[in-house]
Amino acid sequence: MEYLVSKGIVDSYFEKFKKILNVDVAIVGGGPSGLLASYYLAKNGVNVVLFERKLAPGGGMWGGAMMFNDIIVQHEALPIVNELGINHKPYAEGLYVIDSLQATSSLIYHASKAGATLMNCISVEDVVIQDEKVNGVVINWAPVHRERMHVDPIIVTAKVVLDATGHDCEVARILERKNGIKLNTPTGSVIGERSMSVYEAEKTTIENTKEIYPGLFVSGMAANGVSGSFRMGPIFGGMLLSGQKVANTILNAVNQTV
Ligand code: 48H
Ligand code: FE2
């Protein structure tokens, strides 16, 4: 019995691991924008893996505002909220309150049920470049990084990579720092996010959601970070709409390369 418990897990995990070594789309970061993108891509038959370095995907959505576990969404994002079966309370003109724990767990559940492979405890530490295009990611166990162990990584090839790493825009920064590459941002570099301006930031989150280098897309807070736009605080409509937009944009890109 003991042997079978272990064998079931090891067999299943490595079957899953082999499946994600070569995918259509690799998503870096399991915050709301990355999770929602993985849900829509998987729902449309795309082979997608999401890497999250923490034990629990969800990023900044669990914590609500200053750990008050409610968040705000605006009416433009309600179709997504309803599709995910998340309860919402009307609060003010065009604004709704949702429970951050129900919202985050629903995103994880729907992404997984739709067929996205969610890999937690794994960090993306580099990208693969071939013919002036991002062609995959380089992964390692998150604790290996935390302990600063000198352990070489595993390579995952992907037609498309999504930087959904939030405020740090880690993948874009790695690409720029290690390769001196010019990105599709207002200055050609990772600019870094500006201070708080809720309305402006929610608008630019959607506009900044795009391909910033062949094969590398950005969504959510990373999209605002690379383009030097504002932050918006604990309102999440822009994150959800960004995840939806990037899934549609990537869907077109992947279908073109099939
Ligand atoms: C593996 C990684 C790596 C890596 C990071 O920050 P997130 O929640 O991402 P978004 O952009 O979908 O949502 C942003 C939102 O939560 C937020 O912070 C808002 C709206 N802030 C407004 C404000 O004013 O502060 O999640 C990113 C995830 C995290 O879980 C990281 O652990 C993970 O990405 N991550 N995972 N490899 N290299 N880098
Ligand atoms: Fe944040």
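Just so it is clear, the structure is predicted and the values come from calculations on it, not from any experiment.

1. Concerning the overall build of the protein
Part 1: Within the protein one finds nine helices and eleven strands.
Part 2: Here the C-alpha atoms of the protein give a radius of gyration of 18 Å, agreeing with the 18 Å that 2.2 N^0.38 yields for 258 residues.
Part 3: Across its three principal directions, the C-alpha atoms of the protein cover 55 × 50 × 40 Å.
Part 4: By the burial criterion, 50% of the 258 residues in the protein qualify as buried.
Part 5: When the accessible surface of the protein is totalled, it reaches about 12,800 Å², and 55% of it is carbon and sulfur.
Part 6: The distance from the centre of the 22 positive side-chain charges to the centre of the 25 negative ones in the protein is 1 Å.

2. Observations concerning the pairing of strand 10 (residues 210–213)
Part 1: Here strand 10 pairs with strand 11 (residues 216–218) via three bridges, running antiparallel. Its bridge partner being in strand 11, tyrosine 213 is matched across the sheet by leucine 216.
Part 2: Linkage of strand 10 to strand 11, two consecutive antiparallel strands, is achieved through a turn of two residues, within which glycine 215 is found at a positive phi near 90 degrees.

3. Section: the UniProt feature "binding site: glycine" (unreviewed entry) in the protein
Part 1: On the UniProt side, "binding site: glycine" (unreviewed entry) is annotated at positions that read Arg231 here.
Part 2: Mapped onto the secondary structure, arginine 231 falls in the loop between helix 8 (220–227) and helix 9 (237–257).
Part 3: Look at arginine 231 and you get partly exposed, because its relative accessible area is 35%.
Part 4: Apart from residues no more than four positions distant in its own chain, arginine 231 is found in contact with His167, Glu193, Arg194, Ser195, Met196, Ser197, Val198, Ala201 and Met221.

4. Structural notes on the sheet that holds strand 3 (residues 70–74)
Part 1: Across the sheet, three strands lie side by side as 3-5-4; this open sheet has antiparallel pairing. Sheet topology places strand 3 and strand 4 (89–92) at the edges, where each strand pairs with a single neighbour. Within this sheet the neighbouring strands show an average axis-to-axis angle of 40 degrees, counted without direction.

5. Description of unusual backbone geometry
Trans is the common state for peptide bonds, and a negative phi is the common state for residues other than glycine.
Part 1: Notably, cysteine 121 is not glycine yet its phi reads approximately 65 degrees, a positive angle.
Part 2: Tracing the backbone through its elements, the reader meets cysteine 121 in the loop between strand 6 (117–120) and strand 7 (122–130).
Part 3: Residue classification places cysteine 121 among the partly exposed positions, given a relative accessible area of 25%.

6. Quick notes on the confidence of the model for the protein
Part 1: Taken residue by residue, the protein gives an average pLDDT of 97. The fraction at 70 or more is 99%.
Part 2: For the protein, per-element mean pLDDT is lowest for helix 9, which scores 92, and highest for strand 2 (residues 48–52), which scores 99.

7. Section: a nonpolar patch on the surface
Part 1: A cluster of nonpolar side chains, contributed by Met1, Val5 and Ile9, occupies part of the molecular surface with about 360 Å² of accessible area.
Part 2: With respect to the element layout, methionine 1 can be found in the segment before helix 1 (2–19).

8. Some points on the site of ligand 1
Part 1: Around ligand 1, 28 residues are found, and the nearest of them are Glu52, Gly60, Met221, Arg231 and Gly233.
Part 2: A distance of 3.4 Å separates an oxygen atom of ligand 1 from a polar backbone atom of proline 32.
Part 3: Interatomic distance of 2.6 Å between a side-chain N/O atom of glutamate 52 and an oxygen atom of ligand 1.
Part 4: The fraction of the free accessible surface of ligand 1 (790 Å²) that becomes covered by protein chains is 92%.
Part 5: Listing elements by their share of the shell around ligand 1, those giving two or more residues are helix 2 (32–43), strand 2, strand 7 and helix 8.
Part 6: In terms of residues, the shell around ligand 1 owes the most to one element, strand 7, which gives three residues.

9. Let's talk about the packing of helix 2 against helix 4 (residues 100–114)
Part 1: Contact pair helix 2 / helix 4: the axes reach a minimum separation of 8 Å and the direction vectors enclose 25 degrees. It follows that helix 2 is roughly parallel to helix 4 by the angle criterion. The element helix 2 and its partner helix 4 pack so that their crossing is left-handed. The residues of helix 4 that touch helix 2, namely those facing Pro32, Leu35, Leu36, Ser38, Tyr39, Ala42 and Lys43, are Leu107, Ile108, His110, Ala111 and Ala114.

Reading the values: rules and limits
- Residues numbered from 1 in each chain as written.
- Chains lettered and ligands numbered in written order.
- Predicted model: local features only at pLDDT ≥ 70, side-chain atom pairs only at ≥ 80, totals over all residues.
- Heavy atoms only, no water.
- Helix = DSSP H or I, 4+ residues; strand = E, 2+ residues; numbered from the N terminus.
- Rg over C-alpha atoms; globule rule 2.2 N^0.38 Å.
- Buried < 20%, exposed > 50% of the residue type's maximum accessible area, 1.4 Å probe, protein only.
- Areas by Shrake-Rupley, 256 points an atom, 1.4 Å probe, with all protein chains shown as cover.
- Lys, Arg positive; Asp, Glu negative; His and termini not counted.
- Charge placed at Lys NZ, Arg CZ, Asp CG, Glu CD.
- Pairing = 2+ DSSP bridges.
- UniProt positions renumbered as here; feature names shortened; annotations may be inferred.
- Contact = heavy atoms within 4.5 Å.
- Axes fitted to C-alpha atoms, helices over the stretch in contact; angles between N-to-C directions.
- pLDDT = per-residue confidence, 0-100.
- Patch = residues over 30% accessible without salt bridge, like charges linked within 9 Å, V, L, I, M, F, W, Y side chains within 5 Å.
- Salt bridge = Lys/Arg side-chain N within 4 Å of Asp/Glu carboxyl O.
- Near = heavy atom within 4 Å.
- Polar contact = N/O pair within 3.5 Å; in protein donor to acceptor, adjacent residues only side chain to side chain.
- Parallel < 35°, antiparallel > 145°, perpendicular 65-115°, else oblique.
- Left-handed = near helix turned anticlockwise from the far one by under 90°.

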